[in-house]
Structures are given as structure tokens and as C-alpha cells.
Amino acid sequence: GYVGGLTDQARRRRSDHISRKMGKIKVTSICCIGAGYVGGPTMAMIAQKCPHIKITVVDISQPRIDAWNSDELPIYEPGLDEVVKACRGVNLFFSTDVEAAIAESEMIFVSVNTPTKKTGLGKGKAADLTYWESAARTIAAVSKTNKIIVEKSTVPVRTAEAIEKVLKRNCSDENVQFDILSNPEFLAEGTAMVDLAMPDRVLIGGKIEGQAGRDAVDALVEVYANWVPEERILRANLWSAELSKLAANAFLAQRISSINAMSALCEATSADVSQVAHALGTDSRIGPKFLNASVGFGGSCFQKDILNLAYICECHGLQEVADYWYSVVGMNDYQKSRFVKRVVSAMFNTIRNKKIAMLGFAFKKDTGDTRETPAIDVGKGLLEDGAKLAIYDPQVKETQIAMDMEGMMENITVYKTAAEALDGAHAVTIMTEWDEFKTYDWKEIYGVMQKPAFVFDGRNILDHEHLKEIGFIVYALGKPIDPFLKSAEGA
């Protein structure tokens with residue numbers, strides 16, 4: 001089979017060659033602490049590509065582990081089901097017995113949640129390492145043999161140093177050696193399995209100044225080398241690897257905020273942001289990716305990592321650098337509030353008791369993840385003005401929306417179909433770029449909506465000319481403003 005660039009034969013030959021060359025640490029058993037968006041798919045891929053390694057994913061949450069062992073996995077990711085079902089019970093196991101799995105593994109991946117702190121020093125900016133530290137204490141308590149610890153969670157720079165202290169001080173056997181590696185994930189939700197099978201690069205950071213650190217890095221390189229071409233596996237020192245992950249997310253988010261800033265100017269000047277983005281994207285120095293203007297970026301990492309990066313800058317006295325990165329998040333917040341203002345002013349400055357359909361709630365298509373989704377802030381803004389929200393998303397469950405919109409559910413109805421959400425609505429807002437929204441019969445939808453019927457396309461995915469022909473009043477982000485909207489807004 002030709003998977004991710006190597007034939008099976010070449011892969012076998014190469015791994016023999018690699019193990020002879022190194023003859024250092026042979027990994028036969030891996031444990032991963034944290035069965036979430038990162039741990040689950042990453043371990044499934046390693047299990048598929050490394051049938052000779054036993055992999056156990058552990059989590060203290062029994063319901064989550066039960067879901068991984070069931071027919072309905074706890075996360076939706078195209079291609080994940082097939083891999084898990086093929087490997088589960090063979091060399092991939094999901095368990096709540098954290099200590100047993102740690103004890104028998106040579107290598108331990110830690111991919112626990114590192115949310116932004118909600119209280120105390122650095123609140124709203126610094127990463128909360130509560131879960132990480134408790135994982136480290138558990139590892140230290142049960143380890144009787146040397147362990148390689150791999151940081152998978154996005155952690156602040158120099159976490160490895162702190163974790164090392166926790167490990168050393170809490171381990172009863174002073175002969176046990178802990179080597180810490182940073183192996184940040186660069187997965188995009190919705191394409192995680194492809195990203196894992198054929199990564200742009202795998203980054204491994206370790207204490208490469210010393211032999212023990214180099215050996216630990218080599219051991220992890222050998223795992224990845226089963227399917228990733230060696231030139232794509234990058235070695236770095238610990239701090240470089242930890243920073244690279246934060247920097248990558250900050251750079252991507254900064255591109256989105258840059259094009260979103262342009263979208264506001266385009267509306268003010270009757271330019272078209274799609275045309276501007278296309279002109280930019282054809283410049284080979286800039287490239288076309290991450291240039292779609294939208295209602296804002298979301299996801300578990302962008303905002304969290306930028307705030308974290310800025311906080312680290314502040315801690316090192318680099319206020320100007322911190323402010324630069326904070327402005328990326330500020331632009332994102334501005335874009336969301338600008339969208340809400342557009343909706344309210346277009347609808348004659350009153351949306352009280354009007355049914356507004358929200359199509360999409362996930363932060364992007366092909367995922368059920370709602371972390372930091374712009375739909376939350378836009379939804380709150382519309383509710384504050386008295387709207388009745390009718391939400392439909394093909395993947396997000398009502399229980400999740402209820403958690404995200406806590407305390408506001410009396411004015412929200414979550415529908416199982418788009419048709420019900422749109423029936424009798426005054427306006428529809430497109431929050432997620434799900435492909436199915438483009439296939440709807442908008443003529444029919446126009447028939448069941450209140451008039452004037454508004455479409456606010458926060459993702460620029462619909463055919464706006466077609467909608468206008470039907471009779472809709474259309475607001476498309478970063479496009480010339482509809483004359484009706486201009487007069488409504490008194491512009």
C-alpha cells in the first residue's frame with residue numbers, strides 16, 4: 001500500500017536501518033493521557049501506521065472512554081471512524097486505568113486541556129496548567145522505569161522546565177530518568193486524519209544539547225519515520241518547538257484579521273473583498289490561503305494561543321510585541337460586533353421578538369466543534385437586542401449549544417432541520433460555511449420567510465446575485481452595500 005509517501009517494503013527497510021543505526025531506545029508501548037481532539041486521532045494514526053507498537057489512550061472521564069469504545073465516537077472527524085474501528089482491540093486501547101498504562105509504557109504523550117486561565121494571575125491570557133501538572137504528578141508517582149514524556153498540548157514556552165521539576169521531585173525512585181520532548185500538533189479540524197497521514201512537517205523539540213535529549217528525540221523520530229519521510233521530521237530545541245506552535249497559530253489568525261480589516265474598508269468604499277483577496281492570493285509571496293473574509297475566526301487554539309503568546313511577551317517585558325498580537329484578537333472581536341450592528345441597523349434598528357435563523361454554529365465546516373465559534377458572540381449580540389434565535393447546524397448537538405449559550409436558552413430554539421429554522425424567519429445569518437447551505441432551494445425559502453427577507457452571509461458562500469433576483473435583501477461581508485441597506489442605515 002502506498003500511504004503517505006512510502007511503500008510498505010521501503011518503510012520496513014528504512015525502519016530496520018534506523019533502528020540499527022541508533023540502537024538506543026526502542027519504543028514498544030505508548031500511552032497517551034487525554035482522549036480529546038488531539039489525543040484520539042493522533043494515537044489512532046500512530047496505531048494504524050505502527051502495528052508493532054501497543055497504544056493505550058487514557059482519560060479520567062469514564063463517559064468519554066466509553067464513547068471511544070463504542071460505535072459512536074465522541075468526536076466527528078472524517079476518516080477517524082474507519083481507523084479506530086480497524087485498530088481498536090488490536091494495538092489501540094482506550095481505558096480509564098491511567099496508572100497501569102503509564103507504568104507499562106516507554107513513551108507518554110500528554111494531550112490534556114490547557115485552557116486560558118479564568119481567574120488569578122494572568123487571567124484571560126495565561127494558560128491554565130492544572131491538568132498538565134496533575135498528569136505530571138501521576139506519571140512521577142507510578143514510574144519505575146525511564147520515561148519519555150511528549151508534550152502534545154499547546155503549552156506556554158518553558159512549560160517543559162516546570163514539568164521536569166514536578167516529575168523529579170515526585171518520583172520515589174531517583175534512578176528513573178524523565179526526558180521531555182515537545183511535539184506540537186499542527187492539525188486542522190475537519191482534515192485532521194489527512195494532516196496526520198501526510199503532515200507538512202513533524203516538529204520535535206528536545207534537549208538536543210545533551211546525548212540523553214538527542215536519544216529521546218531519536219526515539220520519537222523513529223515512531224514517525226514509519227510513515228513520514230525523514231526530511232519532513234524537524235528537530236529543534238525545546239523552546240523553539242514550544243514557541244513555533246504559538247507562532248504558527250498567531251500568524252494564521254493575523255492573516256484572517258488582516259483580510260477582515262480590509263472587508264470593513266471594502267464595504268465603506270464599495271470595493272469587493274473577494275476581488276482584493278484574489279489579487280493578493282495570486283502574489284506568490286503572499287499565497288491564497290487564509291484570505292477568506294468572514295464573521296471572525298474561532299476554534300480552540302487561535303485566540304487561546306495568541307493571548308498566551310502575548311502574555312509570555314508581557315512577562316518578558318515586551319509590551320509592544322504583546323500589544324501587536326493583542327490587536328489581532330481585537331480585530332476579530334470588532335468583526336463580530338460589526339456584523340451584529342449590520343443586522344440590527346438593516347432591520348430598521350429593531351429586532352425585538354423577530355425570529356432570526358442562524359445557519360451553522362460550529363466554528364468551521366466539517367466539525368462539530370464550537371469552541372470560540374463566532375456564532376456565540378454574534379448570537380449573544382442579537383439576543384441582547386431582543387431577537388428570537390432559531391439555530392440549525394448539521395453536526396452540533398442541542399446540549400452543546402445550551403452549554404455555549406448558557407442562561408440565554410429561553411430565546412433560542414435549536415432545530416433538527418434548516419427548513420424549520422427558516423420558516424417564518426425575518427432574517428437568516430450564515431455563521432458556518434457548511435456546503436449544504438449552498439444547495440438549498442432559496443426560492444422556496446423566500447416563500448416561507450417574513451418580508452422583507454434578509455440574508456446576512458457571514459461566510460460569503462451563497463450566490464448573492466441569485467438571492468437578490470429572488471427578492472432577498474442581502475448583506476455580504478466585505479462587498480458593496482445593497483442600496484436598501486444604505487437607506488435603512490441612513491448612510
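Scope of this entry: the structure provided in the associated data block. (Residues numbered from 1 in each chain as written. Predicted model: local features only at pLDDT ≥ 70, side-chain atom pairs only at ≥ 80, totals over all residues. Heavy atoms only, no water.)

Before going further, it helps to examine the overall build of the protein chain. Counting secondary structure elements, the protein chain contains 19 helices and 14 strands. When the backbone C-alpha atoms are referred to their principal axes, the protein chain occupies close to 75 × 50 × 45 Å. For the protein chain, buried positions account for 53% of its 491 residues. Restricting the contact set of the protein chain to residue pairs at least 6 apart, pairs at least 24 apart contribute 74%. Counting every atom, the protein chain has about 21700 Å² of accessible surface; 53% of that belongs to carbon and sulfur. (Helix = DSSP H or I, 4+ residues; strand = E, 2+ residues; numbered from the N terminus. Buried < 20%, exposed > 50% of the residue type's maximum accessible area, 1.4 Å probe, protein only. Contact = heavy atoms within 4.5 Å. Areas by Shrake-Rupley, 256 points an atom, 1.4 Å probe, with all protein chains shown as cover.)

This next bit is on helix α2 (residues 39-49). Every α-helix carries 3.6 residues per turn, so stepping three or four residues along brings you back to the same face. Buried residues dominate α2, accounting for 10 of its 11 residues. When we look at burial in α2, the residues that qualify are Gly39, Gly40, Pro41, Thr42, Met43, Ala44, Met45, Ile46, Ala47 and Lys49.

Mapped onto the elements of the fold, Trp68 is located in helix α3 (residues 62-68). Taking C-alpha positions, Trp68 is 12 Å from Val83, a pair spaced 15 residues apart along the chain. Other than its neighbours up to four places away in sequence, Trp68 contacts Ala35, Gly36, Gly40, Pro41, Leu73, Pro74, Ile75, Leu80, Val84, Arg88 and Phe94.

Bringing the pairing of strand β9 (residues 355-359) into the picture now. Across the 5 residues that make up β9, a large majority, 5, are buried. Neither face of β9 is open: one carries Lys355, Ala357 and Leu359, the other Ile356 and Met358, and all of them are buried. As paired elements, β9 and strand β10 (residues 388-392) share 5 bridges and run parallel to each other. Bridge pairing in β10 places Met358 opposite Ile391. Each parallel crossover has a hand, and for β9 linked through helix α14 (residues 374-384) to β10 it is right-handed. (Pairing = 2+ DSSP bridges. Right-handed = clockwise from strand over helix to strand, strands pointing away.)

Attention now goes to the sheet that holds strand β14 (residues 473-476). Judged by pairing direction, the sheet is parallel, and its 6 strands sit side by side in the order β11-β10-β9-β12-β13-β14 without closing on themselves. Each edge of the sheet is formed by a strand with only one pairing partner; in this case those strands are β11 (412-414) and β14. Along the sheet, successive strands turn relative to each other by an average axial angle of 20°, direction set aside. Running at roughly 170° to strand β13 (residues 454-457), helix α13 (residues 319-346) makes contact with β9, β12 (427-430), β13 and β14 of the sheet. (Axes fitted to C-alpha atoms, helices over the stretch in contact; angles between N-to-C directions.)

Here we take up unusual backbone geometry. Note: most peptide bonds trans; most residues except glycine with negative phi. Geometrically, the link from Lys451 to Pro452 is a cis peptide bond, its omega value of -10° lying close to zero. Assignment of secondary structure puts Pro452 in the loop between α17 (442-448) and β13. Despite not being glycine, Asp366 shows a phi value in the positive range, around 60°. Here Asp366 lies in the loop between β9 and α14. Under the relative-accessibility criterion, Asp366 is labelled partly exposed at 28%.

Time to look at the packing of helix α10 (residues 238-269) against helix α12 (residues 302-315). The interhelical angle for the contact between α10 and α12, taken along N-to-C directions, is 115°, at an axis separation of 9 Å. You can see that α10 and α12 cross each other, and the crossing is left-handed. Facing α10, whose interface residues are Leu243, Lys245, Leu246, Asn249, Ala250, Leu252, Ala253 and Ile256, α12 presents Phe302, Asp305, Ile306, Asn308, Leu309 and Ile312. Of the residues that constitute the contact of α10 with α12, the class distribution is 10 nonpolar, 2 polar and 2 charged. (Left-handed = near helix turned anticlockwise from the far one by under 90°. Nonpolar A, V, L, I, M, F, W, Y, C, P; charged D, E, K, R; others polar.)

Taken as a whole, this structure holds 19 salt bridges when the rule is applied. Measuring nitrogen to oxygen at the nearest pair gives 2.8 Å for the salt bridge that ties Glu164 to Lys207. Pair noted here: Glu164 is in helix α7 (residues 159-170) and Lys207 is in the loop between β7 (202-206) and α9 (211-224), with a separation of 43 residues, a long-range link. By relative accessible area, which is 21% here, Glu164 ends up partly exposed. With a relative accessible area of 37%, Lys207 lands in the partly exposed category. Notably, a salt bridge pairs Glu267 with Arg338, separated by 2.8 Å at the nearest N-O pair. (Salt bridge = Lys/Arg side-chain N within 4 Å of Asp/Glu carboxyl O.)

Right, let's get into the side chain of Gln335. Inspection of the secondary structure puts Gln335 in helix α13. Classification of Gln335 by relative accessible area gives buried; the value is 2%. Polar contacts involving the side chain of Gln335 include one to the side chain of Ser263, which spans 3.0 Å. Apart from the residues within four sequence positions on either side, Gln335 is in contact with Asn260, Ser263, Ser294, Val295, Gly296 and Leu477. (Polar contact = N/O pair within 3.5 Å; in protein donor to acceptor, adjacent residues only side chain to side chain.)

What describes a pair of aromatic rings is the distance from one ring centre to the other and the angle between the planes of the rings. This structure, assessed with the given rule, holds 16 aromatic pairs. Ring centres of Trp68 and Phe94 lie 5.1 Å apart, and the angle between their planes is 5°; on these two criteria the pair is classed as stacked. Here Trp68, found in helix α3, pairs with Phe94, found in strand β3 (residues 92-95); they are 26 residues apart in sequence, far enough to count as distant. Ring pairing ties together the aromatic residues Phe339, Phe348, Phe454, Phe456, Tyr475 and Phe484, which thus form one cluster. Over the ring of Phe93 we find Lys54; its NZ or CZ atom is 5.4 Å from the centre of that ring. Here the basic side chain of Arg201 rests over the ring of Phe186, its NZ or CZ set 3.6 Å away from the ring centre. (Phe/Tyr/Trp six-rings, centres within 6.5 Å; stacked < 30°, edge-to-face > 60°. Lys NZ or Arg CZ within 6 Å of the ring centre and 35° of its normal.)

As a further point, take the pairing of strand β1 (residues 29-33). When you tally the buried positions in β1, you get 5 out of 5 residues, the bulk of the element. One ladder, built from 5 bridges, connects β1 with strand β2 (residues 54-58); its direction is parallel. Looking at the pairing, Cys32 lines up with Val57 of β2. As for the winding sense of the linkage, the β-α-β connection from β1 through α2 to β2 is right-handed. Bridge count between β1 and strand β4 (residues 107-110): 4 bridges; the pairing is parallel. Looking across to β4, one finds that Cys31 is bridged to Ile108.

A word on the nonpolar core. The tendency in soluble globular proteins is for nonpolar side chains to be buried side by side. Core analysis: the largest hydrophobic core is formed by 44 residues, its most contacted members being Ile30 and Phe109. Take this core: its biggest share by element is 7 residues, from α9. Those residues in contact with Ile30, other than ones at most four positions away along the chain, are Met43, Ile46, Ile53, Lys54, Ile55, Thr56, Ser105, Met107, Phe109 and Val223. The next biggest cluster of nonpolar side chains, apart from the first, holds 41 residues, and it includes Ala346, Ile351, Met358 and Val396. (Core = buried A, V, L, I, M, F, W, Y, C linked by side-chain atoms within 4.5 Å.)

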